[in-house]
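Residues per chain, in single letters:
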Amino acid sequence: PCASVEVTDAALFGKDWIAKTGDNVCGLRDLAQVSNPATVDFQACLDATPEMKKAKQDKVGLDTPEGIKLVAAGSTRVTSACETVQAANGYCSVWKAIKHKDGHSITDITELVKAQY
């Protein structure tokens, strides 16, 4: 019997790009179409949001209803900021992780994203 693979964790191979579908933040998801992606440290950006700072300051458990709401709002804020930076800088997509098979570097926009809020 074949082991089932969750689609969100499937490694995608398109042209020369290697990434997991679940690592796409915004923009193109089809690796065959990716030409100029950027990467972002999503957790660092999330931690820098007002929502997560409030959760930490107020000692809100992230598994509580209020914590879950704050994480969701913070994630939405990060994704929106990624979309803004992507559009302003001409990137085709933003990923938590993506590699090129020739190993060339990919621009990290973490600081640009954090500057949006």
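These remarks concern the structure in this document. (Residues numbered from 1 in each chain as written. Predicted model: local features only at pLDDT ≥ 70, side-chain atom pairs only at ≥ 80, totals over all residues. Heavy atoms only, no water.)

What follows deals with the overall build of the protein. Summing up its helical and strand segments, the protein has 4 helices and 7 strands in all. Helices and strands in the protein line up, N terminus first, as β-β-β-β-α-α-α-β-β-β-α. Out of the 117 residues in the protein, the part that is buried amounts to 35%. Within the protein, residue pairs in contact and separated by at least 24 positions form 66% of the contacts whose partners lie at least 6 positions apart. (Helix = DSSP H or I, 4+ residues; strand = E, 2+ residues; numbered from the N terminus. Buried < 20%, exposed > 50% of the residue type's maximum accessible area, 1.4 Å probe, protein only. Contact = heavy atoms within 4.5 Å.)

This part is about helix α3 (residues 65–89). For α3, spanning 25 residues, the distance from its first C-alpha to its last is 36 Å, which sits close to the expected 36 Å at 1.5 Å a residue. Inspection of α3 places Gly67, Leu70, Gly74, Val78, Ala81, Cys82, Val85 and Gln86 among the buried residues, and these make up the whole buried set. On the buried face of α3, the contacting elements are β3 (24–27), α1 (42–47), α2 (50–57), β5 (93–95) and α4 (110–114). Just downstream of α3, Gly90 is the residue with a positive phi angle, here 75°. (Expected span 1.5 Å × (residues − 1).)

Turning our eyes to something else, we now look at the pairing of strand β2 (residues 17–20). Here β2 shows a buried face lined by Trp17 and Ala19 and an unburied face lined by Ile18 and Lys20. Here 2 bridges tie β2 to strand β6 (residues 99–100), and the two strands are oriented antiparallel to one another. Opposite Trp17, over in β6, you have His100 as the bridge partner. (Pairing = 2+ DSSP bridges.)

Taken as a whole, this structure holds 0 aromatic pairs when the rule is applied. We note Lys96 situated over the ring of Phe42; from NZ or CZ to the ring centre the distance is 4.7 Å. (Phe/Tyr/Trp six-rings, centres within 6.5 Å; stacked < 30°, edge-to-face > 60°. Lys NZ or Arg CZ within 6 Å of the ring centre and 35° of its normal.)

In this structure, Val25, Val40, Val78, Cys82, Val94, Ile109 and Val113 are the most contacted members of the largest nonpolar core, which totals 16 residues. When contributions to this core are tallied by element, the ones reaching two or more residues are β3, α1 and α3. In terms of residues, this core owes the most to one element, α3, which gives 4 residues. Those residues within four positions of Val78 in sequence are excluded, and the remaining contacts are Phe42, Cys45, Leu46, Thr49, Val113 and Tyr117. (Core = buried A, V, L, I, M, F, W, Y, C linked by side-chain atoms within 4.5 Å.)

Treat this as a map of the structure, not an account of what it does.
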